[in-house]
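Per-entry structural report
Chain by chain, the residues:
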Amino acid sequence: MNSCGECHFIPETYRTVSLIPFQAPCLGNLSINDFTVEGIHSLTTTRGHHESRLVGKTKSSFRFEISGAVVDLDTFDNNVGIITITREHIIDGNISTEEQIYSILAERKEMHRKFRDGSDPVVSTIESAIKCNIPKPYTFTLYVFPDKEWVKPELLMAIFQPSMVGMDDSTDFDEKIEKITPINAEWPKNNNSDIRNGVTGLISWSSVIVIAGKWDYVKDYVYLEKRLQHVWLNLYINMDHLSKIIQLKSTITSQEINRIRVDATFEVLRVDEILDPSFPDRHLTILEKMIETSNFDKLKQKIDDQLKFFEIKAMTQRDKNNENFSRTLIGLTSFLFIIAIVTAYRSLFSLMVLVVEHIYSNLLEFIVLVAIFAVFMVIIFKRFEKE
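Residues numbered from 1 in each chain as written. Predicted model: local features only at pLDDT ≥ 70, side-chain atom pairs only at ≥ 80, totals over all residues. Heavy atoms only, no water.

A word on the overall build of the protein chain
Regarding its fold elements, the protein chain presents 11 helices and 8 strands. Of all 387 residues assigned to the protein chain, the portion counted as buried reaches 43%. Intrachain contacts of the protein chain at a sequence separation of at least 6 include 73% that bridge at least 24 residues. Working note: accessible area of the protein chain is about 21,500 Å², and carbon and sulfur atoms make up 56% of it. (Helix = DSSP H or I, 4+ residues; strand = E, 2+ residues; numbered from the N terminus. Buried < 20%, exposed > 50% of the residue type's maximum accessible area, 1.4 Å probe, protein only. Contact = heavy atoms within 4.5 Å. Areas by Shrake-Rupley, 256 points an atom, 1.4 Å probe, with all protein chains shown as cover.)

In structure tokens, the structure reads:
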């Protein structure tokens, strides 16, 4: 660790943009009046055409300031919403890279914890305004750095994929690294997903990092991430719903299976709408990398596998029901046939007396009844085997 007890604090700044997707029934009919409460400032509902096209169709959008943070609340169909919180951060640019890494990752862990439990002032203010607790299954954070020398490749790698520098970014993260393996200075350039000069975009499952001198260069990443997180959450909701049904060993109807399959397919198409030729190529490049690192395809595949499981289960149950029904039908038909034979006994006995002597009529009658019943059962069982 570097020792610099006499060094002065050199403030360096960076931004975090945290996206919190959720589903809540209280999003149905929000209006600007819901947010004219204490703690919410500079409220606006305006959106530019460029932003609207990248984010996708929203039911409502609000932008305001809470506790020094710039906040967006976008709502979509199916009572889905995304809270986007943009904050400025200050870090000592004079401390060692190891200390910077620990400081930023520990801060991210604490920030995400507060988002999840509702203790973050932004989240609690929004929950108070819309009058409901927001279920928050996960949070995703983008990091924005100015193009300055203090941002070392090792710091970027730690945020990009903490395990690469020996860090654990889970909720159990509490260790402080003593030394990190040096990262090649060309690594950010070699992993850049942005085609614009002067902009570096690093995209992974853990985070998105943008290095740019202007905030406007970052906005496309935020808009596209909103689009992806909206779709991802809708797929996650369906996957989680199916998982609970499987866990409870319950069943769903074929109509429900078809509805979920259509919904999942529609979500994929919702992402692919960005393939409009009127958009610049950089949007497609960024979005493809976001999709690739988000396990979006694996989530969709899991839903497909779950639906196939229910289809196979339903087919097996139908076969079992048909088999039980056929057996019941055979028994019932046989019972009714016996009743019919017994009912016809007197007429059949009179016929046998006319054909043979009275002494042999009972025996012949018995043989005829057995023969008729045997033929009947053979026909029924042959029919059952065909089914």
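What to know about the pairing of strand β5 (residues 80-92)
Counting buried residues along β5, 11 of its 13 residues qualify, which places the element largely inside the surrounding structure. In terms of strand pairing, strand β1 (residues 11-23) meets β5 through 13 bridges, oriented antiparallel. Following the sheet pairing, I20 is matched in β5 by I83. Here strand β4 (residues 69-76) runs beside β5; their pairing, made up of 7 bridges, is antiparallel. By the bridge assignment for β5, D74 is matched with I82. From the end of β4 to the start of β5, which pair antiparallel, there are 3 residues, and N78 there has a positive phi angle of about 65 degrees. (Pairing = 2+ DSSP bridges.)

Quick notes on the packing of aromatic side chains
What the rule picks out here adds up to 11 aromatic pairs. Ring centres of W232 and Y236 lie 5.7 Å apart, and the angle between their planes is 15 degrees; this geometry places the pair in the stacked category. Remark: Y236 and W232 occur in helix α6 (residues 216-247); sequence separation between them is 4 residues, near one turn of the helix. Here the aromatic cluster, defined as three or more aromatic residues joined through ring pairs, consists of Y14, Y143, F145 and W150. Positioned above the aromatic ring of W215 is the side chain of R15, whose terminal nitrogen or guanidinium carbon lies 4.4 Å from the ring centre. (Phe/Tyr/Trp six-rings, centres within 6.5 Å; stacked < 30°, edge-to-face > 60°. Lys NZ or Arg CZ within 6 Å of the ring centre and 35° of its normal.)

A look at unusual backbone geometry
If you check the backbone angles, K131 has positive phi at about 60 degrees while not being a glycine. The residue K131 is located in the loop between α3 (121-130) and β6 (140-145) in this model. Judged by relative accessible area, K131 falls into the exposed class, the value being 69%. With a phi close to 60 degrees, K249 is a non-glycine residue in the positive phi region. By secondary structure assignment, the location of K249 is in the loop between α6 and α7 (254-272). Judged by relative accessible area, which is 72%, K249 ranks as exposed.

Quick look at the state of the cysteines
In a disulfide, the sulfur atoms of two cysteines are held together by a covalent bond. According to the stated counting rule, one finds 1 disulfide in the structure shown. Across a sulfur-sulfur distance of 2.0 Å, C26 and C132 are joined as a disulfide pair. Here the residue C26 occupies a position in the loop between β1 and β2 (41-44), and C132 occupies one in the loop between α3 and β6, the gap between them amounting to 106 residues. Relative accessible area serves as the criterion here: at 17%, C132 is assigned to the buried category. (Disulfide = S-S within 2.5 Å.)

With respect to the sheet that holds β4
If you walk across this open sheet you meet the 8 strands as β2-β3-β4-β5-β1-β6-β8-β7, and the pairing is mixed. A single partner strand is all that each edge strand has here, and the edge strands are β2 and β7 (200-203). Put simply, the sheet's adjacent strands are angled 15 degrees from each other on average, direction ignored. Here β2 pairs with strand β3 (residues 60-66) via 2 bridges, running antiparallel. In the strand pairing of β3, T44 is matched with R63. (Axes fitted to C-alpha atoms, helices over the stretch in contact; angles between N-to-C directions.)

Things to note about the environment of I260
Relative to the elements of secondary structure, I260 occurs in helix α7. We classify I260 as buried; its relative accessible area is 0%. With 43 residues separating them along the chain, I260 and I303 place their C-alpha atoms 8.6 Å apart. Not counting the four nearest positions on each side in its chain, I260 is found in contact with N238, H241, L242, I303 and L307.

Concerning the pattern of salt bridges
Scanning the model with the defined rule gives 23 salt bridges in all. In this structure, E51 and R63 form a salt bridge, with 3.0 Å as the shortest nitrogen-oxygen distance. Here R63 lies in strand β3 and E51 lies in helix α1 (residues 49-55), a separation of 12 residues in the sequence. Put simply, D263 and R259 hold a salt bridge, and the shortest N to O gap is 2.6 Å. Here R259 and D263 lie together in helix α7, a separation of 4 residues that amounts to about one turn. Residue R259 is classed as partly exposed on the basis of its relative accessible area of 36%. (Salt bridge = Lys/Arg side-chain N within 4 Å of Asp/Glu carboxyl O.)

Some words on the pairing of β3
Regular strands place their side chains on alternate faces of the sheet. Of all 7 residues making up β3, 5 are buried, and the element is well covered by its neighbours. Pairing of β3 with β4, which is carried by 7 bridges, proceeds in the antiparallel orientation. Bridging across to β4, R63 finds its partner in D72. Hairpin connection from β3 to β4: 2 residues lie between these consecutive antiparallel strands, with S67 at a positive phi of about 50 degrees.

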